[in-house]
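One-letter residues, chain by chain:
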Amino acid sequence: MSQIGTLSIEDKQEALQSIAAEVRQCQRCPLHKFAIKGVPGEGAANAEVMLIGEAPGWHENQQGRPFVGAAGQFLGELLRSVGLRRDEVFIANVIKHRPPENRDPQPDEIAACLPYLDRQIELIDPRVIVTLGRFSMSKFFPGERISRIHGTARRHGNRLVLPLYHPAAALHQASLRRTVEEDFRRLPEVLVESRKLAAATAAPAPAAETARPVAPPTPKQLGLFEG
Ligand code: SF4
């Protein structure tokens, strides 16, 4: 067991605050020059569910908090639709400072920033990660297309990853909004499966495979893990 596995909730909170302080001072890539506030992420240090978006937008840049604009309101609705509150989950982004004009983050900026997210994931150790949009999806499933795998939970190490379209994209397209709502409704089932996975992998067992569908789809089996 890693040392992190033995940390108290208070220790985890303190470590997350320390990461947040580093983010606010960070100059590892040029994005800090254009941004007002760093947006490290926020939520429960022991969250079972972690949601990972792309990068801060205009409102997030003003407030230093993730998902506080229109997309954030939609995300709040999605969470409530499955009985979750914002303070029960952890919400973060791949990129911690807003790219100018909301442009896509560059590969070198992503590479510079990812260690913060990796440390947050390691500390929180969520059972389920929900990726929001293609940049966070690519971290776990490089080379995949969001249009192909959205709504399909896949195993990644000892946890499940549920790739979703970004809520901001869904706000601009009614059909995509319905898709995101339907995909999000799978989260409670995915969480149940992730708890079983955690229990199974806690016992001595063969090494886990990574990044493959959890259950082989069969025609009769209603596919929690099917697209
Ligand atoms: S975007 Fe990330 S790597 Fe770049 S300055 Fe901000 S915190 Fe540092």
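Just so it is clear, the model here is predicted, and its values are computed rather than measured.

**Remarks on helix 5 (residues 107-124)**
Here comes step 1: Given a rise of 1.5 Å per residue, 18 residues ought to cover 26 Å, and the 25 Å separating the end C-alpha atoms of helix 5 matches this to within 8%.
Here comes step 2: Of all the bends found along helix 5, the most pronounced is centred on Cys 113 and spans about 40°, while Pro 115, a proline, follows it within four residues.
Here comes step 3: Within the sequence span of helix 5, burial applies to Glu 109, Cys 113, Tyr 116, Leu 117, Gln 120, Leu 123 and Ile 124.
Here comes step 4: Each element contacted by the buried residues of helix 5 is listed here: helix 1 (9-25), helix 2 (31-34), strand 2 (49-53) and strand 3 (90-93).
Here comes step 5: Asp 125 sits one or two residues past helix 5 and shows a positive phi near 50°.

**Topic: the confidence of the model for the protein**
Here comes step 1: Residues with a pLDDT of 70 or more make up 88% of the protein, whose mean pLDDT is 90.
Here comes step 2: Of the regions scoring below 50 in pLDDT, residues 214-227 engages in 23 contacts with residues more than four places distant in sequence or in other chains.

**Details of the environment of Val 89**
Here comes step 1: Summarising the element assignment, Val 89 is placed in the loop between helix 4 (70-81) and strand 3.
Here comes step 2: When residues no more than four places from it in sequence are discounted, the contact partners of Val 89 are Gly 43, Ala 44, Ala 47, Val 49, Met 50, Leu 51, Leu 79 and Leu 84.

**Remarks on the nonpolar core**
Here comes step 1: Counting 48 residues, the largest nonpolar core has Met 50, Leu 51, Ile 52, Val 89, Val 130 and Leu 162 as its most contacted members.
Here comes step 2: It is helix 5 that contributes the most residues to this core, five residues altogether.

**With respect to the site of the ligand**
Here comes step 1: Around the ligand, the structure places 14 residues, and the nearest of them are Cys 26, Cys 29, His 32, His 97 and Cys 113.
Here comes step 2: Looking at the shell around the ligand, the element that brings in the most residues is helix 5, giving three residues.

**Here's the deal with the pairing of strand 6 (residues 159-164)**
Here comes step 1: Taken across its six residues, strand 6 has six buried, putting it largely inside the fold.
Here comes step 2: Of the two faces of strand 6, both are covered, the one formed by Arg 159, Val 161 and Pro 163 as well as the one formed by Leu 160, Leu 162 and Leu 164.
Here comes step 3: With five bridges joining them, strand 4 (residues 128-132) and strand 6 adopt parallel strand pairing. Across the sheet, Ile 129 pairs through a bridge with Val 161, a residue of strand 6.
Here comes step 4: Two strands pair when backbone bridges link them, and strand 5 (residues 154-156) and strand 6 are joined in this way by three bridges, in the antiparallel orientation. Residue pairing in the sheet places Arg 155 in a bridge with Leu 160 of strand 6.
Here comes step 5: The turn linking strand 5 back onto strand 6 is made up of two residues, and Gly 157 within it adopts a positive phi angle of 65°.

**Things to note about the pairing of strand 3**
For a regular strand, side-chain orientation follows a simple rule: the groups alternate between the two sheet faces.
Here comes step 1: Taking every second residue as pointing to the same face, both faces of strand 3 are buried, with Phe 90 and Ala 92 on one and Ile 91 and Asn 93 on the other.
Here comes step 2: For strand 1 (residues 42-43) and strand 3, the ladder comprises two bridges, and the chain directions are antiparallel. Its bridge partner being in strand 3, Gly 43 is matched across the sheet by Phe 90.
Here comes step 3: As paired elements, strand 2 and strand 3 share four bridges and run parallel to each other. Within strand 3, the residue paired with Met 50 across the bridge is Phe 90.

Calculation criteria
Residues numbered from 1 in each chain as written. Predicted model: local features only at pLDDT ≥ 70, side-chain atom pairs only at ≥ 80, totals over all residues. Helix = DSSP H or I, 4+ residues; strand = E, 2+ residues; numbered from the N terminus. Expected span 1.5 Å × (residues − 1). Bend = angle between axes of the 7 residues up to and from the residue. Buried ≥ 20, exposed ≤ 12 C-beta atoms within 10 Å, placed from the backbone. Contact = placed C-beta atoms within 7 Å. pLDDT = per-residue confidence, 0-100. Core = buried A, V, L, I, M, F, W, Y, C linked by C-beta atoms within 7 Å. Near = placed C-beta within 6 Å. Pairing = 2+ DSSP bridges.

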